[in-house]
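This is what each chain is made of:
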Amino acid sequence: MTAAPRIDWEAAADLIVIGGGVAGLTAARTASLRGLRVLILSKGGPTDTATQYAQGGIAVVAPHEDSVESHVRDTVEAGVGLCDEAAVRSIVEGGQAAVAALTDLGAVFDLARDGQISRTREGGHSTRRIIHAGGDATGAEVQRALNAAGLPILFGAAALEVVTGRTGVQGVIAVSENGFGVVHAPAVLLATGGLGQLYALSTNPPGATADGIALALWAGATVADLEFVQFHPTVLYTPGGLGRRPLISEAVRGEGATLVDSEGHSVTAGVHPRGDLAPRDVVSRAIAARMRALGTDHVYLDARAIDHFPQRFPTITASCLAAGIDPHTDLIPVAPAAHYQCGGVVTDTHGRTAVPGLYAAGEVARTGLHGANRLASNSLLEGLVVGERAGVAAAERLGEEAHVTDVSFHTIPRAARALVQQSMTSHASVVRDAAGLAEAAVRLRDGVSHCAASRLRAELTSASQRFANELSVVSDISARDSAPSGNDTADLNAAAAAQRITEFEDAALTLTAQVLLLAAAARTESRGSHTRSDHPTPDDHQCHSRTVRLGPEGHPVPAPDGLDLTTWTQDAIPNAS
């Protein structure tokens, strides 16, 4: 444990929401309408969320030639045996009401020629039930509508720890450009998005650093199914491209585009009855296999036959043109990239975790909806439905005393982000094996040790420099005349906050990578978005979720009872004061 930081600001709320995407904002709005004092903490700005980049749409049961049962069946089939069917049905049934509430807030969805909401079909769906906005900018419209609600939000602020006590959640320790802060609250909702930055290539924004997974584990919650990372099969490929890459929505294939290799042959022919509209794990594996067979690093999407492509897909068109590709005349080079975490913090369908007062919703949560592989466009659906329910559920914590008294930071292992990304991309990507997973685990272990040694040297250097500066100030009283201006101080504070957030993110990525590697090594089968080349077939005996929590020494360990959300007794709450 390190020394307690100086607390520069303080606040109190009934509910703290960590994250500014669809799940977090929906929960915050719902709770506010019920009279709760809500404060949202967002690391980035108003549009620095995964929601903003969601292209395809929202999967919601259509009024004609569709049914709840059909949507449930498609979801369960995509989840390959690991969906909680009761949870699937509950969330699917809530879809229409959730979309209606979003429409009432001002969201505008695309209309068909008959004046009704337009619907398309995506991979894994048996019918056209995907509603969209702005052609391929559904997430941006959802984000715009929710941002317009005018909710209380602190941008550029990151939660570093969820503090718990004998009655559960007490609040959070956070950092912003105003320094370290404490927010006292009996309820905290994790809505932090995904873990895409574990990998060198991702469709996720830079802030997708698995913060919620780490915060939940440190607070005593369990996680499950983290080995199931969905790789979007068609991300725009550019030579040498790293970081967040533009995705080419599945809706493009839904409108008739086809996947072909460098020789012009179909990539998915004979692989699955639905061909290019097979579930994402199937398509990603088919692409990875074809690239290995041909020794290439991408395949192509042929969308030249789609009429009015720029009008239907303006965002994709702009991304392609920026890369020198005209979808009307050129094949679009694509490759798989990390896209969505199917598992997460174990919750019920109202966002409750096993820690009283701690909730999770959206991509960070594992409700049982996605199983081993998410069905396309079920993510915004889940964020809307479970986000609203979590906002309602948080009211059950009203009246609980909440006061953060322990503001000491614990020593948190972390490896360099580049090492984490290189290890995970090389050994825990679309296809894995035991040797690669073991090598990645060793590299992370060694990387944590190296980073700890480097950090110690940096701290000693910093302490030495501070001592030298203090001597300089004492020997030259005129130094006060050259004190930093207000703007300089603000810049220094912002830089210090950014550095602290980066260190926290690296620790979260390191811990989440360790959990993922543990779960992936234990699952000696191939199922959904988890493919083992050394165990290429499913094993019926492993048709169950694997849960993980932190052990007494702070290391990830299996938690066989991790899906049990029975409320903790007061004497059993982790980190109790």
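As a reminder, the structure under discussion sits directly above these lines.
Residues numbered from 1 in each chain as written. Predicted model: local features only at pLDDT ≥ 70, side-chain atom pairs only at ≥ 80, totals over all residues. Heavy atoms only, no water.

J.: Tell me about helix α11 (residues 314-322), residues and numbers included.
T.: Of all the residues in α11, the buried ones are Ile316, Thr317 and Cys320. Buried residues of α11, seen end-on, are gathered within an arc of 100 degrees and therefore sit on one face of the element. One or two residues past the end of α11 sits Gly324, with phi positive at roughly 80 degrees. (Buried < 20%, exposed > 50% of the residue type's maximum accessible area, 1.4 Å probe, protein only. Helix = DSSP H or I, 4+ residues; strand = E, 2+ residues; numbered from the N terminus. Arc of directions from axis to C-beta.)

J.: Describe the side chain of Thr349, listing the residues and the values that go with them.
T.: Looking at the secondary structure, you find Thr349 in the loop between β19 (344-346) and β20 (358-360). Once residues lying within four places of it in the same chain are set aside, the contact partners of Thr349 are Ala87, Ser90, Ile91, Val386 and Arg389. (Contact = heavy atoms within 4.5 Å.)

J.: For empty space enclosed by the protein, give the residues involved together with the corresponding values.
T.: In this structure the tally under the stated criterion is three cavities of 30 Å³ or more. What the largest cavity holds in volume is close to 60 Å³. In this structure, the largest cavity is lined by Val229, Gln230, Phe231, Asp281, Ser284, Arg285, Val430, Gly528, Ser529 and Thr531. Of all the elements in the fold, those that place two or more residues in the lining of the largest cavity are β14 (229-236) and α9 (280-294). (1 Å grid on protein atoms, 1.4 Å probe; cavity = no way out; pocket = protein on both sides within 12 Å on 5 of 7 lines; lining within 4 Å. Points joined across faces, edges and corners; volume = space filled by probe spheres on them.)

J.: Which residues make up the pairing of strand β3 (residues 38-42), and what are the values?
T.: Along β3, five of the five residues are buried, which leaves the element largely enclosed by surrounding structure. Burial along β3 is two-sided: Val38, Ile40 and Ser42 and Leu39 and Leu41, pointing in opposite directions, are all buried. Once the chain exits strand β2 (residues 15-18) it traverses helix α1 (residues 22-33) before rejoining the sheet at β3, and the crossover so formed is right-handed. Bridge count between β3 and strand β7 (residues 153-155): three bridges; the pairing is parallel. Looking at β7, one finds that Ile40 is bridged to Ile153. (Right-handed = clockwise from strand over helix to strand, strands pointing away. Pairing = 2+ DSSP bridges.)

J.: Describe in detail helix α3 (residues 68-78), supporting the description with residues and values.
T.: The complete set of buried residues in α3 reads Ser70, His71, Val72, Asp74, Thr75 and Ala78. Close packing links the buried residues of α3 with β4 (58-59), α4 (85-93) and α12 (378-393). Backbone geometry just downstream of α3 places Val80 in the positive-phi region, at approximately 50 degrees.

J.: Requested: an account of the pattern of salt bridges, with residues and values cited.
T.: According to the stated counting rule, one finds 28 salt bridges in the structure shown. One salt bridge connects Arg304 with Asp302, and the closest N-O pair in it is separated by 3.0 Å. The class for Arg304 is partly exposed, based on a relative accessible area of 40%. Note that Asp446 and Arg445 form a salt bridge whose closest N and O atoms lie 3.4 Å from each other. Residue Arg445 is classed as exposed on the basis of its relative accessible area, which comes to 51%. Within this structure, Lys43, Asp211, Arg417, Glu505 and Asp506 form a network of salt bridges that share partners. (Salt bridge = Lys/Arg side-chain N within 4 Å of Asp/Glu carboxyl O.)

J.: I'd like to hear about the sheet that holds strand β5 (residues 119-120), residue by residue, with values.
T.: Whether parallel or antiparallel, the strands of a sheet pair through hydrogen bonds between backbone atoms. With respect to topology, three strands assemble into an open sheet ordered β4-β6-β5, the strand pairing being antiparallel. Each of the sheet's edge strands pairs with one partner strand only, and the pair in question is β4 and β5. The pairing of β4 with strand β6 (residues 130-131) spans two bridges and is classified as antiparallel. Within β6, the residue paired with Ile58 across the bridge is Ile131.

Nothing here speaks to function; it is all geometry.
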